[in-house]
Amino acid sequence: MYKKGDDSFFIVDAHVALWDARRENQRNIHGKQFIDCFYDYHRNLSPESELWTYDEYLYQGGERLIKDLFIDGYVDHAIFQPAHLGEFYVNGFGQTEEAWALTQKHSDILTYNHNFDPRNGEAGLDQLRADAERFGLKGVKLYTAEWNGDSRGYKLDDDWTRRYLEVCRELGITNIHVHKGPTIRPLDRDAFDVADVDHIATDFTDLNFVVEHCGLPRLEDFCWIATQEPNVHAGLAVAMPFMHTRPKYFGQIIGELLYWLGEDRIQFSSDYALWTPRWLIETFVDFQIPDELSEYPQITLDQKKKILGLNAAKMYDIPVPEDLRLADADETETGPRGAEQAADEHLVGA
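Given the structure is predicted, the values throughout are model-derived calculations rather than measurements. (Residues numbered from 1 in each chain as written. Predicted model: local features only at pLDDT ≥ 70, side-chain atom pairs only at ≥ 80, totals over all residues. Heavy atoms only, no water.)

Undergrad: Which residues make up the overall build of the chain, and what values go with them?
TA: Regarding its fold elements, the chain presents 13 helices and eleven strands. In terms of overall dimensions, the chain is globule-like: its C-alpha atoms have a radius of gyration of 20 Å, near the 20 Å expected for 350 residues. Burial analysis of the chain (350 residues in total) assigns 57% to the buried set. Put simply, the chain shows about 15400 Å² of open surface, and 47% of that area lies on carbon and sulfur atoms. (Helix = DSSP H or I, 4+ residues; strand = E, 2+ residues; numbered from the N terminus. Rg over C-alpha atoms; globule rule 2.2 N^0.38 Å. Buried < 20%, exposed > 50% of the residue type's maximum accessible area, 1.4 Å probe, protein only. Areas by Shrake-Rupley, 256 points an atom, 1.4 Å probe, with all protein chains shown as cover.)

Undergrad: Help me get a handle on the nonpolar core, residues and values and all.
TA: Residues Trp-19, Phe-38, Phe-222, Ile-254 and Leu-257 are the most contacted members of the largest nonpolar core, which totals 108 residues. Setting aside residues up to four positions removed in sequence, Trp-19 forms contacts with Ile-35, Phe-38, Tyr-57, Leu-58, Tyr-59, Gln-60, Phe-93, Gly-94, Gln-95, Tyr-272, Ala-273 and Leu-274. (Core = buried A, V, L, I, M, F, W, Y, C linked by side-chain atoms within 4.5 Å. Contact = heavy atoms within 4.5 Å.)

Undergrad: Any details on the sheet that holds strand β4 (residues 77-80)? Residues and values, ideally.
TA: Strand order in this open sheet of three strands is β3-β4-β5, and the pairing throughout is parallel. Single-partner strands in this sheet number two, and they are β3 (12-16) and β5 (110-112). Across the sheet, the mean angle from the axis of one strand to that of its neighbour is 20°, orientation sign disregarded. Bridge count between β3 and β4: three bridges; the pairing is parallel. Looking at the pairing, Val-16 lines up with Phe-80 of β4. Along the sheet face, helix α3 (residues 62-71) touches β3, β4 and β5 and points at about 135° away from the line of β4. Packed onto the sheet, helix α12 (residues 301-316) meets β3, β4 and β5 and runs at close to 75° relative to β3. (Pairing = 2+ DSSP bridges. Axes fitted to C-alpha atoms, helices over the stretch in contact; angles between N-to-C directions.)

Undergrad: Tell me what's going on with the sheet that holds strand β11 (residues 266-267), and back it up with residues and numbers.
TA: Reading across from one edge, β6-β7-β8-β9-β10-β11 is the order of the six strands in this open sheet, with parallel pairing throughout. Every other strand in the sheet has two partners, leaving β6 (114-115) and β11 as the edge strands with one partner each. For strand β8 (residues 175-179) and strand β9 (residues 208-212), the ladder comprises five bridges, and the chain directions are parallel. Directly across from Ile-176, in β9, lies its bridge partner Phe-209.

Okay, structure coming up:
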């Protein structure tokens, strides 16, 4: 729990990973390109006091994760969102067995989500069923730009992806996290396009689609889709560090998300180990939208509490202490925030 003055915050880090990008696990040059791109994000967007060495960045391990998140980082609960990337790494990038063992040891503070690739066909469906039983899955993480043989990506509305989502529905896997963010070398930018979110959210209204990285750099496209699809949520991974390097840009991001989606569909993520949560949480609690962005209202304390943990806790049924809860808001409507109020004022004026 994080405390600032008289205010306390229940923190859920909704997007973390245990990865292994060490040289012996790199299958080819693309494994090095991928982790180098991650390190460039870390190096360019972090405060100097938070910088890691390159070798530290290649592999952290569970002991350091526990320290960085829960001892030093204020986090009350964290959710693993692993990427496989088997074309780039011998034993995969996200470390399933290590992360799962850590989750079993600390089941009160960790949730493990797994991944699937619809291009694996029927065999992949069988594996998904087995994984759901083994891990007790409530969510999965999809990487639509991941390479698989000759394929360099897939779409959420492909026929095979739909079949996998139907099985998710049958298995009670209701939270679908999808990487739709900045391009990571050597992956292809177009494979992270957000247009397929629109199609699939309409067809699977009983599933939650958490668009990680809130579609950046396609924020406007994402917002226009998400405002009409109440089962689409925004993950703030990668967006958060811009509070440090470009506060006005982050003000625009969070201002647009609050306007179009509302505060009930935005989730805090450190994207560990790209960044550690401590400085992100401290900065966000103190953050206000710069005065020159006057079209956006200031972020309220309750909005910050929802974003930092209560929204993800509600989605994953994570217990929240009574004194840290907020009264549930009304069900989020589609359309821009404030549209009904504006309409009412127009009628009164008429």
